Every structure is written in C-alpha cells, then in structure tokens.
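# Topology and contacts: notes
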Number of protein chains: 2
Amino acid sequence: MEENVLIFGHKNPDTDSICSSIVSEILDKKNGWDCTKAVRLGNVNKETQFVLDYLGIKAPELIESVEEGQQVILVDHNEFNQSVIGIEKAKILAVTDHHRMANFETSDPLYYNAKPYGCTSTILFEEFKAFGHSVERTEAILMASAIISDTLLLKSPTTTEHDKKALEELGEIAKINIEEYGLEMLKAGTALDDFSEEQLVCLDAKNMEKDGEKFVIAQVNTVCIDDVLKRQDKLEDVIKSKIESNGLSLFVFAITDILNSNSEIIALGARVDAVEKAFDKKLVNNRVFLEGVVSRKKQLLPVIDKNI
Amino acid sequence: MEENVLIFGHKNPDTDSICSSIVSEILDKKNGWDCTKAVRLGNVNKETQFVLDYLGIKAPELIESVEEGQQVILVDHNEFNQSVIGIEKAKILAVTDHHRMANFETSDPLYYNAKPYGCTSTILFEEFKAFGHSVERTEAILMASAIISDTLLLKSPTTTEHDKKALEELGEIAKINIEEYGLEMLKAGTALDDFSEEQLVCLDAKNMEKDGEKFVIAQVNTVCIDDVLKRQDKLEDVIKSKIESNGLSLFVFAITDILNSNSEIIALGARVDAVEKAFDKKLVNNRVFLEGVVSRKKQLLPVIDKNI
C-alpha cells in the first residue's frame, strides 16, 4: 500500500520529534494502518543522531513542504508556524502532542490526543498499552530517548509521574541503564563547538506569535554556559539579522546547563521588556541568568507570552 | 471537596452538550476526581428536557460567564466564540470534542481528546471502557440520547461505526428500544409552535469566524418544513437585526426535516454568495432547498466556510 499519510514533528526537530514520528508509524502499522510514513522537517541534531546510531537505524526522509490536500499527522507540535510549509492547506488527520495549543485550526473534525506530559513519547507508550501491543527493544529505546531528552533525565519541571513510570518501564524492556545511556546521549547533544553561530541560533528555535507580534525562543543545551557565552557578539549579530529579516519583536536565546539545571538568556528586540517583566530582572549586556530554569515550555514561554 | 472545576458544552446547548457534561462529571468521579461540576451555558431545549424528565434528573446549573483563572473543562466544542463569556482568561484543563478546531488557544499544555465521531458521548463511552468502569442505566440513557440527537438516529452522514456500536451497546445496558425512544425524543424537540421567531433563530445558532468575517449557522429540526416557512417574514426580520447588531457577514438558518433528511436554508447578509457557491444553487426568495443535507458540521459548515 502506498504510504500517503505523512507523520512529522516540528521544524528544527529534536529527539522527541524524530523518535515520536518513527514510533507513531510503528504504532499505526501494529494497528493495521499501513499508509503512514514518518518524515522530518529539518536536520537531525547530534543528540538524535546518537540515538539513531545506537540503534543502527536511518533518519526519516527530509521534506521541505507539502502540497494542498496532503494528508498529515502531527506529533510533538500543533502550531502552524512550527510546522511544515503548506500546512494550512494540508488535511490534518491526527495530532499527538504535549504542548499548549495555538495557531492551529482545521476545517474538519480530527483525532487529537494531547496530554500535559513531559514528552510526546510518553503519550505514545500509553497508547501501545491501551491497544494491548507489545513494545520491542527498538521502540522502547526510541521512546526512552525522547523522554530523556525532553525531561533532561527527569530533572525538568515538565516531568510528570507518567514520564517517570514510562521511562522506568521502557528501561526494563530495553534492558539498558537509563542513567548511563541518558547522560551519554545528552552529552552527545551538547557538542556545540563545530556549529557556526548561525547554526547555534537555529538549532532549536521555535516561532511564536501573539496578537500579531512574532517572537522566537531558541534553546541550546550545554555542560558549560561560558563556552557558549564566549561567542555572544557573533551570536547577537545573527540574532539581530533574524529579527530584521523576519520582522520579530523579540528573540530569546536560552543557553541551558543540563548538569546544574540553570539557564543564561540572551534577549534582543523591541520587546525585551517582556523578558524583564517575566522574570522581574533587568537585562545586563542583553543577558540574564535564570536559576533553576531549564524548560522553554513551562518556565520561559508562558511567562514571556503573558508579558508580550 | 469543593467542586471548583466547571464542565460545560457550547452556548445554546443541545442534547450532546448537556448529556456529555453530566456524563463527564460522573466519569471524573469514577476516576476519583471529585472536584468537577457540570454546568450549562444556556436554556435546556425541549429535546434535552425530554431526556432529563425521562430520567427524573435536574439540568445542570446555568452560568453566564467565568472569572479570570477559573478552571474549566470543555465538552462538545472548542471554539471560543461558542463558549462561555470569559473563556480567554480561564484555565482550560481538558477538552473532549468531535468538531473541527478553530479559534482555540491555551497558554499551557492540557488534555485534549478529540475524535472525528458523530457525538461527544461516543468518545466518553469509549473512555468508560478504556478505564474499565461499568456504565449505569442513567449514564447509558444520557449517552444514548446524545448519540441519537447528534446523528438523528444514526441517519446523519456524521455517523461513524463507533457511534453505531456505542448506541447498540448503550441500548442493551439501558434496556430500552432505541428506535422507539429515539423517535419520541427527536419529536419532542421539534415542537416549535410556541417559540417566538427570536427564540427559533437563537435555539441552536453557532457563531463562526473566518479571516475576520463573522457568520452564524443556525439550525432547527422539524417534521414539517412548511410549518416553519410560514413564518419566514418574521424570521427574516429577526435575522436582519442579528446581522446588524453583531456585524455579521452572513446568517444561515437551516430548517431540517428529520424524517426525510432534507433541509431548507434561509440565508441573509452581504456574503450570501458563499452559500450560493457552496451548493452551486441560486437563492430564490432568500431560500434554497438542499436534498439529503442534515448535518451542519459535515454538510453546511465546511463548504460555506471554504467559500467565505
């Protein structure tokens, strides 16, 4: 049967977006639905590449845009400005996601399964169980990797009891030491030195919009914030050109220390006041240090969005 | 425990909106979640009153608006313009729905369970089964009534295999003859004579919006279209005043014959061309007859929306 329904995560795909689309396809096939195919909307990052190499599997095919009427399934996102080019004219059959909802609409009813969990793969793992399907080692490692990535080994405040339980069970199925495997995987994702400033800024940047004001929150993980800050001047040049070319009101670049669970923020744009109000702190040299802040979804977006 | 989470269906509640909110509260309590309470956003219609009288239960409490930060659960709708006054500032914890998605957004992740079924109660019935809860006679009749209402006794094109299976099983649990009960219930809802034209127009009117253009699709069920058409002049006066006072581009009033599965449409407003294009028919005396059309969701909204 032709695989004519495309499954994909968000632009600048992270480990959850890639792993959850692959796992979604597997789940569909187990349910006897053979026409879906996982694809991706951007480059595979180093953390995700570590997972794929570990399993010896290939990344899903890259796509740039979809045609009008293309049938699609979204995982790990819903906002159109984080999705594929052409999404407005696609036919969205289903969504599995764990984010807030905005900039999303359809002309027809659809399947929408969202839960306020730390990771899309946790929702998928519960689906495997609900349908009574067994979970093979490959799927288990894909889902475990997504959970480790999104929750920073269960240390992010986005972590729920569901994620903890799922990761424990997946570790048992996969017969891996989650702590060891997880640290190795996270560290693989923090090797930032051979990225250009342009690449760093785009690596995991999410486009947001509120009341017509466009803003971006980008994030990189590291084991040493100062290493990234050494490149602040050049990073700011890139950010300023993004602001200009995309008409952005604000660009927030979060450098997150995954070992100590803190973030340093670089913020530029006409609406940096939204960042200052959000955290009740003044920017100094366009920067502010946020202790205990690691989650864009839970600790950055809602408070910045409220002040835009 | 205080019941501080409100569950409600859409404005101008129909049988699915009322029954599904009551059933949602029951399901929450079975899941050990005692803090939710079903309420309603408008008058109980005659069809729904028939169901409540049959069961000897009271309608949920009426609310007009919610305060900022009120925790809410939506059933049978998601669009803010069909929801409670103040919804933009409420905290939406969960949604169970079977409609297209639009004009909806949240600042935080949430539970969202949508399926493209004929009725919200069919989704809820599957939830009862997924959680392994037994279904009592009252819940069974509430859910069966919602399915009968939304699918016009499984005759509407919105009907899915899931709805058929659910209604059959619910009929067995409730030990009622679905066909007999259902016809009696539907007919109770078509006693339109003692409604004013103002009431008829508002009875089941849904507000829509596209690219800043506001339009309304209202619907009444009847066993005799001509009985309603006798009042066309006065109905048009009411519709014109709605168009003026609410800045509408289009008002579609569908009179649906539930026995023969046809509809007569009255359309007024600057954008009646959208109706003419949608069905490739000219309006005569502001009216057009649509054979086989009974479903607003499936047969009216998508084609009209596309031509707005």
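The text that follows walks through the structure, step by step, so that each part is easy to find. For clarity, every value in this text was computed on a predicted model and none was experimentally measured.

What counts, and at which threshold
Residues numbered from 1 in each chain as written. Chains lettered and ligands numbered in written order. Predicted model: local features only at pLDDT ≥ 70, side-chain atom pairs only at ≥ 80, totals over all residues. Heavy atoms only, no water. Helix = DSSP H or I, 4+ residues; strand = E, 2+ residues; numbered from the N terminus. Rg over C-alpha atoms; globule rule 2.2 N^0.38 Å. Buried < 20%, exposed > 50% of the residue type's maximum accessible area, 1.4 Å probe, protein only. Contact = heavy atoms within 4.5 Å. Areas by Shrake-Rupley, 256 points an atom, 1.4 Å probe, with all protein chains shown as cover. Lys, Arg positive; Asp, Glu negative; His and termini not counted. Charge placed at Lys NZ, Arg CZ, Asp CG, Glu CD. Phe/Tyr/Trp six-rings, centres within 6.5 Å; stacked < 30°, edge-to-face > 60°. Lys NZ or Arg CZ within 6 Å of the ring centre and 35° of its normal. Core = buried A, V, L, I, M, F, W, Y, C linked by side-chain atoms within 4.5 Å. Axes fitted to C-alpha atoms, helices over the stretch in contact; angles between N-to-C directions. Parallel < 35°, antiparallel > 145°, perpendicular 65-115°, else oblique. Left-handed = near helix turned anticlockwise from the far one by under 90°. Nonpolar A, V, L, I, M, F, W, Y, C, P; charged D, E, K, R; others polar. Pairing = 2+ DSSP bridges. Salt bridge = Lys/Arg side-chain N within 4 Å of Asp/Glu carboxyl O. Expected span 1.5 Å × (residues − 1). Arc of directions from axis to C-beta. Patch = residues over 30% accessible without salt bridge, like charges linked within 9 Å, V, L, I, M, F, W, Y side chains within 5 Å. Least-squares fit on C-alpha atoms with pLDDT ≥ 70 in both.

### Brief notes about the overall build of chain A
- Helices and strands together make up the secondary structure of chain A, namely eleven helices and eleven strands.
- For 308 residues, the compact-globule estimate of 2.2 N^0.38 gives 19 Å, and the C-alpha radius of gyration of chain A, at 19 Å, lies within 12% of that figure.
- The principal-axis extents of the C-alpha atoms in chain A amount to approximately 55 × 45 × 35 Å.
- Here chain A, with 308 residues, has 60% of them falling under the buried criterion.
- In chain A, of all internal contacts separated by at least 6 residues, the share reaching a separation of at least 24 is 65%.
- Accessible surface, chain A: about 12,800 Å² in total, of which carbon and sulfur atoms supply 47%.
- Taking the 35 positively charged and 53 negatively charged side chains of chain A as two groups, their mean positions are separated by 2 Å.

### Description of the packing of aromatic side chains
- By the definition in use, this model includes 13 aromatic pairs over all chains.
- With 5.5 Å between their ring centres and 65° between their planes, A:Phe80 and A:Phe104 make a pair best called edge-to-face. A residue pair is termed long-range when its members are at least 10 positions apart, and A:Phe80 in the loop between strand E4 (71-75) and strand E5 (91-97) and A:Phe104 in the loop between E5 and strand E6 (111-114) qualify at 24 residues. Taken individually, A:Phe80 and A:Phe104 each receive the classification buried, so the pair is uniform in this respect.
- Grouped by ring-pair contacts, the aromatic residues A:Phe80, A:Phe104, A:Tyr112, B:Phe80, B:Phe104 and B:Tyr112 constitute a single cluster.
- Sitting over the ring of A:Phe195, A:Lys46 keeps its end group 4.6 Å from the ring centre.

### Things to note about the nonpolar core
- Counting residues in each nonpolar core, the largest one holds 38 residues, and the members touching the most others are A:Phe8, A:Tyr112, B:Phe8 and B:Tyr112.
- Those elements that place two or more of their residues in this core are strand E1 (5-8), E4, E5 and E6 of chain A together with strand E1 (5-8), strand E4 (71-75), strand E5 (91-97) and strand E6 (111-114) of chain B.
- Contacts of B:Phe8, omitting those with residues within four sequence positions, involve B:Ser21, B:Val39, B:Leu41, B:Ile63, B:Val72, B:Ile73, B:Leu74, B:Val75, B:His77, B:Ser83, B:Val84 and B:Ile87.

### What to know about the packing of helix H3 (residues 120-131) of chain B against helix H5 (residues 161-174) of chain B
All names here are of chain B.
- The N-to-C vectors of H3 and H5 enclose an angle of 65°; their axes lie 10 Å apart at closest approach. Here H3 is positioned roughly perpendicular relative to H5, judged by the angle of their axes. Handedness of the crossing formed by H3 with H5: left-handed. The segment H3 lies against H5, with Thr122, Phe125, Glu126 and Lys129 engaging His162, Asp163, Lys165, Ala166, Glu169, Leu170 and Ile173.
- Among the residues making up the contact of H3 with H5, the classes are represented as four nonpolar, two polar and five charged.

### Describing the sheet that holds E5(A)
- Spatially, twelve strands are ordered E3(A)-E2(A)-E1(A)-E4(A)-E5(A)-E6(A)-E6(B)-E5(B)-E4(B)-E1(B)-E2(B)-E3(B) in an open sheet, and the strand pairing comes out mixed. A strand with exactly one partner marks an edge of an open sheet, and here the two such strands are strand E3 (61-62) of chain A together with strand E3 (61-62) of chain B.
- The strands touched by H3(B) are E4, E5 and E6 of chain B; relative to E5(B), the strand with the most contacts, the crossing angle is about 100°.

### Re the pattern of salt bridges
All names here are of chain A.
- Inspection of the entire model under this criterion finds 42 salt bridges over all chains.
- Of the charged contacts, one joins Glu264 and Arg287 as a salt bridge, the two residues approaching to 3.2 Å between their closest N and O atoms. With Glu264 in strand E10 (residues 262-268) and Arg287 in strand E11 (residues 287-290), the pair connects residues that are 23 residues apart, well separated along the chain.
- One salt-bridge network, held together by shared partners, links Glu213, Arg271, Asp273 and Lys277.

### Focus: H5(B)
All names here are of chain B.
- For H5, spanning 14 residues, the distance from its first C-alpha to its last is 20 Å, which sits close to the expected 20 Å at 1.5 Å a residue.
- Taken residue by residue, H5 has Asp163, Ala166, Leu167, Leu170, Gly171 and Ala174 as its buried positions. Projected down its long axis, H5 carries its buried residues within an arc of 135°, all on one side. Facing away from the buried side of H5 by more than 90 degrees, the exposed set consists of Glu161, Glu168 and Glu172.

### A closer look at the sheet that holds strand E8 (residues 213-222) of chain A
Residue and element names in this part refer to chain A.
- Strand order in the open sheet formed by five strands is E7-E8-E9-E10-E11, and the pairing between neighbours is mixed. Two strands bound the open sheet, and with one partner strand each, they are strand E7 (205-210) and E11. The average undirected angle you get between the axes of adjacent strands in this sheet is 20°.
- Relative to E8, E7 runs antiparallel, the two being bridged by six bridges. For Glu209, the partnering residue across the bridge sits in E8 and is Lys214.
- Contacts from helix H9 (residues 232-246) reach E8, strand E9 (250-257), E10 and E11 within the one sheet, and its direction differs from that of E10 by about 50°.
- Helix-sheet contacts for helix H11 (residues 296-307) involve E7, E8, E9, E10 and E11, and the interaxial angle to E8 is about 155°.

### Details of a nonpolar patch on the surface
- Judged by side-chain polarity, A:Leu183, A:Val223 and A:Leu259 come together as a nonpolar surface patch covering roughly 210 Å² of accessible area.
- Inspection of the secondary structure puts A:Leu259 in the loop between E9 and E10.

### Let's talk about the relation of the copies chain A and chain B
- Turning chain A through 180° and shifting it by 0.0 Å along the axis lays it on chain B, with an RMSD of 0.0 Å. Here the two chains are linked by the operation of a two-fold rotation axis. Within chain A, the C-alpha atom positioned nearest to the axis of rotation is that of A:Asn113, 2.6 Å from it.
- Taken as a fraction of all interface residues of chain A, those also at the interface in chain B reach 100%, which identifies the copy contact as same-surface.

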